[in-house]
Amino acid sequence: MLTIENVSVRYGRAVQALHDVSFEVADGEVVAVLGSNGAGKSTLLRAISATLALHGGTVTSGSVTLDGTRLDTLDPAAIVRRRLMQVPEGRQVFGRMTVEENLRVGGLAAEPRRREGAKARVHELFPVLADRSAQPAGLLSGGEQQMLAIGRALMCDPQVLLLDEPSLGLAPQLIQRIGQIVTEINAGGTAVVLVEQNAAMALKVSHRAVVLEVGRLALSGSSTELAASEDVQRLYLGGH
Ligand code: ATP
């Protein structure tokens, strides 16, 4: 179980990006994180994966624990060894490396026995990555690059996968495909924290959801409950 407890985050002195945020992600659960631009969604994922320092941020109070071990005091490599992986916003695949090489980099931190099984699973989930294995990743379409970024993270056979806006910039049918992929990944037992602008897709594929507003946890509940809430419909689902 992943536990985020009273987490506050600052960037420098001026910006407090998260205030006292708490929620849990049970083993094998999909939790969606919704909120407008600047609400703190990416910051929350960075706090969980201990990558805030790379962006000039710090956790000023609270804790993040995975199965009782504090993550916020570990370095990012130690977190990957605990099988918590983040797919950052904007994909960030290595464009000049081949698809195969990108996947190999993703598996570097994994134990060898996990790596082999993981690669077969990635090819099964994303046959296009097997077909285009020898091509430079930079030649893939936006959707394929997103699949590669997810596939690369899956090479560590993660217990927890953090996805930052996987549907950003993709055509509607691909957004639905990303949703199905989240469900398929979760069916293998991986817990997913899904940050999404596309609230309709996120609520459809998640068990529970939290809503951030200006750095604070404004709402949380089961995804069916939140999808029925008037506030969520008005603010995030385009209702009136
Ligand atoms: P978006 O959907 O636009 O990515 P978000 O909900 O992910 O938004 P964050 O990117 O976490 O929001 O930003 C939360 C707040 O922290 C914003 O006020 C933002 O300007 C600020 N912020 C984010 N990254 C940094 C940074 N590296 N340095 C300073 N301030 C930052």
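Values in this document were obtained by computation on a predicted structure and should not be read as measured data.

1. Let's talk about the overall build of the protein
No. 1: Helix and strand counts for the protein stand at 10 helices and 10 strands.
No. 2: Residues counted as buried form 49% of the 240 residues belonging to the protein.
No. 3: Taking the intrachain contacts of the protein between residues at least 6 apart in sequence as the baseline, contacts between residues at least 24 apart amount to 68%.
No. 4: Accessible surface computed for the protein: about 10,900 Å², of which carbon and sulfur atoms make up 51%.

2. As for the domain arrangement of the protein
No. 1: Split by domain assignment, the protein resolves into domain 1 (1–83 + 158–233) and domain 2 (90–157).
No. 2: Computed over C-alpha atoms, the centres of domain 1 and domain 2 are 22 Å apart.
No. 3: Together domain 1 and domain 2 conceal approximately 1,400 Å² of surface at their shared face, both sides included; 67% is due to carbon and sulfur atoms.
No. 4: Along the contact surface separating domain 1 from domain 2 lie one salt bridge.
No. 5: Across the pair Arg83 and Asp157 runs a salt bridge, and its minimum N-O distance is 3.8 Å.
No. 6: Along the contact surface separating domain 1 from domain 2 lie two residue pairs in polar contact (both at pLDDT 80 or more).
No. 7: For the side of domain 1 that touches domain 2, the secondary-structure elements that each account for two or more residues are helix H2 (76–81), strand S7 (160–164) and helix H7 (172–187).
No. 8: Broken down by element, the side of domain 1 that touches domain 2 gets its largest block of residues, six residues, from H7.

3. With respect to the sheet that holds S7
No. 1: One open sheet accounts for six strands, arranged S6-S7-S8-S3-S9-S10; its pairing is mixed. Two strands lie at the open edges of the sheet, namely strand S6 (84–87) and strand S10 (216–222), each paired on one side alone. Here the strands of the sheet are splayed against their neighbours by 15° on average, with no regard to which way each runs.
No. 2: Where strand S9 (residues 208–213) meets S10, six bridges bridge the pair, whose relative direction is antiparallel. Its bridge partner lying in S10, Val211 is registered against Leu219.
No. 3: The strands that H7 touches are strand S3 (30–34), S7 and strand S8 (191–195); relative to S8, the one it contacts most, it runs at about 160°.

4. Here's the deal with empty space enclosed by the protein
No. 1: Tallied over the entire structure, the rule returns one cavity of 30 Å³ or more.
No. 2: Counted as a void, the largest cavity has a volume near 40 Å³.
No. 3: Considering the residues around the largest cavity, the lining is formed by Met1, Leu2, Val25, Ala26, Asp27, Leu66, Gln159, Val160 and Ala191.
No. 4: Each residue belonging to the lining of the largest cavity can be placed in one class, and the counts come to seven nonpolar, one polar and one charged.

5. What to know about the side chain of Lys41
No. 1: Here Lys41 is to be found in helix H1 (residues 41–48).
No. 2: Reaching out from Lys41, the side chain makes a polar contact with the backbone oxygen of Ser36 at a distance of 2.9 Å.
No. 3: If we ignore the near neighbours within four places in the chain, the residues touching Lys41 are Val33, Leu34, Gly35, Ser36, Glu165, Val195, Gln197 and Leu212.

6. Focus on the layout of surface pockets
No. 1: Approximately 710 Å³ is the volume attributed to the largest pocket.
No. 2: If you go around the largest pocket, you meet 26 residues; those closest to its centre are Thr51, Leu54, Gln86, Val87 and Pro88.
No. 3: Broken down by secondary-structure element, the contributors of at least two residues to the lining of the largest pocket are H1, H2, S6, helix H3 (99–107) and helix H6 (142–154).
No. 4: Each of domain 1 (1–83 + 158–233) and domain 2 (90–157) accounts for three or more of the residues forming the lining of the largest pocket.

7. Things to note about the site of the ligand
No. 1: In the region of the ligand, 16 residues are neighbours, and Gly38, Gly40, Lys41, Ser42 and Thr43 sit closest.
No. 2: In this structure, an oxygen atom belonging to the ligand sits 2.5 Å away from a side-chain N or O atom of Thr43.
No. 3: Those elements that provide at least two residues to the shell around the ligand are strand S2 (15–25) and H1.
No. 4: For the shell around the ligand, the element with the highest residue contribution is H1, accounting for four residues.

8. So, the nonpolar core
No. 1: By size, the foremost hydrophobic cluster in this structure holds 43 residues, and its most contacted members are Phe126 and Leu161.
No. 2: Per element, the largest residue contribution to this core is six residues, and it comes from H6.
No. 3: Beyond its immediate sequence surroundings of up to four residues, Phe126 is in contact with Met147, Ile150, Gly151, Leu154 and Ile181.
No. 4: Residues Ala39, Ile48, Val160 and Ala191 belong to the second largest nonpolar core, which totals 31 residues.

Procedures and definitions
- Residues numbered from 1 in each chain as written.
- Predicted model: local features only at pLDDT ≥ 70, side-chain atom pairs only at ≥ 80, totals over all residues.
- Heavy atoms only, no water.
- Helix = DSSP H or I, 4+ residues; strand = E, 2+ residues; numbered from the N terminus.
- Buried < 20%, exposed > 50% of the residue type's maximum accessible area, 1.4 Å probe, protein only.
- Contact = heavy atoms within 4.5 Å.
- Areas by Shrake-Rupley, 256 points an atom, 1.4 Å probe, with all protein chains shown as cover.
- Domains from an automatic or database assignment.
- Buried area = accessible area lost by both parts, 1.4 Å probe.
- Salt bridge = Lys/Arg side-chain N within 4 Å of Asp/Glu carboxyl O.
- Polar contact = N/O pair within 3.5 Å; in protein donor to acceptor, adjacent residues only side chain to side chain.
- Pairing = 2+ DSSP bridges.
- Axes fitted to C-alpha atoms, helices over the stretch in contact; angles between N-to-C directions.
- 1 Å grid on protein atoms, 1.4 Å probe; cavity = no way out; pocket = protein on both sides within 12 Å on 5 of 7 lines; lining within 4 Å.
- Points joined across faces, edges and corners; volume = space filled by probe spheres on them.
- Nonpolar A, V, L, I, M, F, W, Y, C, P; charged D, E, K, R; others polar.
- Near = heavy atom within 4 Å.
- Core = buried A, V, L, I, M, F, W, Y, C linked by side-chain atoms within 4.5 Å.

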